[in-house]
Amino acid sequence: PQEERDRYNSSTDKGMVLLKMVDLNNNDLGMISWFAVHPVSMNNTNHLVNSDNMGYASYLFEQEKNKGFLPGEGPFVAAFASSNLGDVSPNTNGPHCINTGESCDNPTSVCPIGGNQMCVTVGPGRDMFESTQIIGRNRSEE
């Protein structure tokens, strides 16, 4: 209803919640960040195990806090989690058919040639790898 929408500044939640963990001497141990974005930058053509944009954000943040350590070996742990997602996609350029370049049928995510296997979403980068890095970097720097 319009009266409910009028209570908010935006149609999506742009707020981030951060929980910082410290030891008894106030030294940083880790953090958990919650933000409303789906970790779906990597599309259905990817067949590699990956942690998508949230994992990339964790990697970048931990590299910053754990200087001189290999990834995953430092004492600081960063976790980026999803919050109230709804239908919030990081793929800002929308769905298209990878075999024709046309837009997918929006309600069904189907392409005229190839069906749903050819329909992928993209953005903000040129491909899913760059998009994962952009979204992950944005979460990490926020």
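Structure's up top.
Residues numbered from 1 in each chain as written. Predicted model: local features only at pLDDT ≥ 70, side-chain atom pairs only at ≥ 80, totals over all residues. Heavy atoms only, no water.

1. A word on the sheet that holds strand 2 (residues 28–35)
Sheet strands line up and pair through hydrogen bonds in the backbone, either parallel or antiparallel.
Moving on, step 1. What the three strands build is an open sheet, ordered 1-2-3; its pairing is mixed. With partners counted over all chains shown, the strands left at the sheet margins are strand 1 (16–22) and strand 3 (77–82), one partner each. Across the sheet, the axes of successive neighbouring strands diverge by a mean angle of 15°, strand direction being ignored.
Moving on, step 2. For strand 1 and strand 2, the ladder comprises seven bridges, and the chain directions are antiparallel. Paired with Lys-20 across the strands is Met-31, a residue of strand 2.
Moving on, step 3. Sitting on the sheet, helix 2 (residues 52–65) touches strand 2 and strand 3, and the angle it makes with strand 3 is about 155°. (Pairing = 2+ DSSP bridges. Helix = DSSP H or I, 4+ residues; strand = E, 2+ residues; numbered from the N terminus. Axes fitted to C-alpha atoms, helices over the stretch in contact; angles between N-to-C directions. Contact = heavy atoms within 4.5 Å.)

2. Side note on the pairing of strand 3
Moving on, step 1. With six bridges connecting them, strand 2 and strand 3 associate as parallel partners. Counterpart to Gly-30 in the pairing with strand 3 is Val-77.
Moving on, step 2. In this fold, the crossover linking strand 2 to strand 3 by way of helix 2 has right-handed handedness. (Right-handed = clockwise from strand over helix to strand, strands pointing away.)

3. Things to note about the packing of aromatic side chains
Moving on, step 1. One pass over the full model with this rule turns up three aromatic pairs.
Moving on, step 2. A centroid spacing of 5.9 Å and a plane angle of 35° characterise the contact between Phe-61 and Phe-76, whose relative ring orientation is tilted. One end of the pair, Phe-61, is in helix 2; the other, Phe-76, is in the loop between helix 2 and strand 3, and 15 residues separate them in sequence.
Moving on, step 3. Note on Phe-76: relative accessible area 6%, which makes it buried. (Phe/Tyr/Trp six-rings, centres within 6.5 Å; stacked < 30°, edge-to-face > 60°. Buried < 20%, exposed > 50% of the residue type's maximum accessible area, 1.4 Å probe, protein only.)

4. Some thoughts on the state of the cysteines
As used in these notes, a disulfide is a covalent bond between sulfur atoms, one from each of two cysteines.
Moving on, step 1. Taken as a whole and assessed by the stated rule, the structure comprises two disulfides.
Moving on, step 2. The partner cysteine of Cys-97 in its disulfide is Cys-111, sulfur to sulfur 2.2 Å. Linking Cys-97 and Cys-111, the disulfide has an S-S dihedral of approximately -110° and is accordingly described as left-handed. Of this pair, Cys-97 sits in strand 4 (residues 94–97) while Cys-111 sits in the loop between strand 4 and strand 5 (119–122), and the two are 14 residues apart along the sequence.
Moving on, step 3. Overall, Cys-97 belongs to the buried group, its relative accessible area being 0%.
Moving on, step 4. Note on Cys-111: relative accessible area 3%, which makes it buried.
Moving on, step 5. Through a disulfide, Cys-104 is tied to Cys-119; the S-S separation comes to 2.2 Å. Note on the Cys-104 and Cys-119 pair: the S-S dihedral is about 120°, so by sign convention the disulfide is right-handed. Of the two residues, Cys-104 is situated in the loop between strand 4 and strand 5 and Cys-119 in strand 5; the sequence distance between them amounts to 15 residues. Summarising the burial analysis for this pair, Cys-104 and Cys-119 share the class buried. (Disulfide = S-S within 2.5 Å.)

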